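Overview (structure and organization)
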Amino acid sequence: VDPLPHQIEAVYGYVLKLPRIRFLIADDPGAGKTIMAGLIIKELKLRNLVSRILIVAPGHLKDQWRRELSERFEEKFAVIDRGLLDAYYGENVWLRENQLITSIDFAKREDILPSLAAAHFHLIIIDEAHKMSAYRYGDKTEKTGRYKLGEILSRVTDHLLFLTATPHKGDPENFRLFLDLLEPGFFATNEMVQESIKNKDNPLFIRRVKEDLKNFDGTPLFLPRHVKTLSFKLK
């Protein structure tokens, strides 16, 4: 692995400086968030801070995560799915291995949540974390099944890392509730979140767009994006 400057900055300049990791890496697609996660895993293991690790990802990315962590970092992860659950019926499969990968939609199932809530991890990494959504309608908060999973995961781990390229859906309250999974109650109001973003002193996340990402020699990693409006007539 040859880490790029922005990856080194995120891992060593932000995440590993935290005494208790509760952090969101929200860089644009292509920034190598899997590499950053792998670096964090290796560093925390070398420091004897973690041994039990769970990675939660969309179902179609489970094998990609397992392959990349094996090939790039020589870290072996077992996949928890329905087949394994049935094979060890009556046993809490979340306690069988120390390094696990599962899908977000498998883990959120009501018959799975109790056994997951009874386990404990040192580090949980959630890919595409924005899928854990909650919405407020007046005085009522509507929590999705994925959000309820996020609440449980937040409780059963010491360190929690979110990865997503699309953290904000244009709904400030949705974003505040999302950050609430990392540190419950850290931002009591949307205004506090906006003020923190404006002042660039938000301690819970970092976001870099493609235009910010450069090699060590200062050359851009991505070609520039040019946006323009094209007009056309409908026949």
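Provided above is the structure to which this section pertains.
Rules and cut-offs
Residues numbered from 1 in each chain as written. Predicted model: local features only at pLDDT ≥ 70, side-chain atom pairs only at ≥ 80, totals over all residues. Heavy atoms only, no water. Salt bridge = Lys/Arg side-chain N within 4 Å of Asp/Glu carboxyl O. Helix = DSSP H or I, 4+ residues; strand = E, 2+ residues; numbered from the N terminus. Buried < 20%, exposed > 50% of the residue type's maximum accessible area, 1.4 Å probe, protein only. Expected span 1.5 Å × (residues − 1). Contact = heavy atoms within 4.5 Å. 1 Å grid on protein atoms, 1.4 Å probe; cavity = no way out; pocket = protein on both sides within 12 Å on 5 of 7 lines; lining within 4 Å. Points joined across faces, edges and corners; volume = space filled by probe spheres on them. Nonpolar A, V, L, I, M, F, W, Y, C, P; charged D, E, K, R; others polar.

Looking now at the pattern of salt bridges. Under the criterion given, the structure shown has 18 salt bridges. In this structure, the salt-bridge partner of Arg207 is Asp28, at a minimum N-O distance of 3.0 Å. Taken together, the residues span a long stretch of sequence, with Arg207 in the segment after strand E9 (205-206) and Asp28 in the loop between strand E1 (22-25) and helix H2 (33-46) at a distance of 179 residues. Classification of Arg207 by relative accessible area gives partly exposed; the value is 38%. Across the salt bridge formed by Glu151 and Lys143, the nearest N and O atoms sit 2.7 Å from each other. Among the residues examined, Lys143 registers a relative accessible area of 35% and is labelled partly exposed. When salt bridges that share partners are traced, they join Glu9, Asp27 and Arg208 into one network.

This part takes up helix H3 (residues 62-73). For H3, which comprises 12 residues, the first-to-last C-alpha distance of 16 Å matches the rise-based estimate of 16 Å (1.5 Å per residue) to within 8%. Contacts from the buried residues of H3 go to H2, strand E2 (53-57), strand E3 (78-80), strand E4 (99-103), strand E5 (121-127) and strand E8 (157-163).

Further remarks concern the environment of Leu100. Along the chain, Leu100 turns up in strand E4. A sequence separation of 94 residues divides Leu100 from His6, and the C-alpha atoms of the two residues are 27 Å apart.

Turning next to the layout of surface pockets. Roughly 250 Å³ of volume is contained in the second largest pocket. The wall of the second largest pocket is formed by 15 residues, among which Lys33, Thr34, Gln64, Asp127 and Glu128 lie closest to the centre. Of all the elements in the fold, those that place two or more residues in the lining of the second largest pocket are H2 and H3. In terms of residue count, H3 provides more of the lining of the second largest pocket than any other element does, four residues in total. Grouping the constituent residues of the lining of the second largest pocket by class yields six nonpolar, four polar and five charged.

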